[in-house]
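A closer look at the structure
Now for the letters of each chain:
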Amino acid sequence: MMYNSNDIVEVNELLNRFLPNDQVDTVLEVTPDYLKNKGIKGVITDLDNTLVAWNQPAATPEVIEWFRVLREAGIEVTIISNNTEDRVSFFSKPLGIPFISKARKPMQTAFKRAKKEMKLSGDELVVVGDQLLTDVFGGNRANLHTILVVPIVRTDGFFTRFNRKIERRILHHFKKTGKLNWED
Ligand SMILES: [Mg+2]
């Protein structure tokens, strides 16, 4: 098969929709200083493998402290998860953090709803998550700043496993083209 340069430009543009603005090892690196330097006033965060392992029901002391520090700095947080209402509310309610479950990321609906409820503009919001195909792609589509975190554990829930196969190929491309650093 022959490719011309236009095809390659199109493929690159397509793949760039999965490229996060930043990458960090853990959500704990997303500090008030880090956010304020970028003019960010609100964080939309994923839950599974971003805040805690996908199969861990409740927040850890580190994550509880992270929420506390952000709140103290006046930064709003909303949890947006594709997981069930039971899972997401069990985690979020004790912390008093607003949440949207069954969000169907990468669809933009939940991102738009969170933006409206947080009363912030697009450039005041950041999306944090561990998946290119849902968190980063969805956040980019909604025109929000995106931060990719390394998944907390290497295992995933049933549906995520399919996405990870595609994700590995995209990550490999970003690594090869020097756009992301990634340890396999
Ligand atoms: Mg996740």
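Above this note sits the structure.
In this report, we go over the structure that sits alongside the text. (Residues numbered from 1 in each chain as written. Predicted model: local features only at pLDDT ≥ 70, side-chain atom pairs only at ≥ 80, totals over all residues. Heavy atoms only, no water.)

For the rest of this paragraph, the subject is helix H5 (residues 109–118). Considered for burial, the residues of H5 that qualify are Ala110, Phe111, Ala114 and Met118. Down the axis of H5, the buried side of the element spans an arc of 100°, and every buried residue falls inside it. Exposed residues on H5 whose side chains face more than 90 degrees from its buried face are Thr109, Lys112 and Lys116. At its buried positions, H5 is contacted by strand S2 (42–45), strand S3 (76–80), strand S4 (99–100), strand S5 (125–129) and helix H6 (132–141). Directly beyond the C-terminal end of H5, a positive phi value near 55° is found at Lys119. (Buried < 20%, exposed > 50% of the residue type's maximum accessible area, 1.4 Å probe, protein only. Helix = DSSP H or I, 4+ residues; strand = E, 2+ residues; numbered from the N terminus. Arc of directions from axis to C-beta. Contact = heavy atoms within 4.5 Å.)

Another aspect to go through is the sheet that holds S4. What the six strands build is an open sheet, ordered S1-S6-S5-S2-S3-S4; its pairing is parallel. Of all the strands in the sheet, just strand S1 (22–24) and S4 have a single pairing partner and so form its edges. Note that S2 and S5 share four bridges and pair parallel. Bridge pairing in S5 places Ile44 opposite Val127. (Pairing = 2+ DSSP bridges.)

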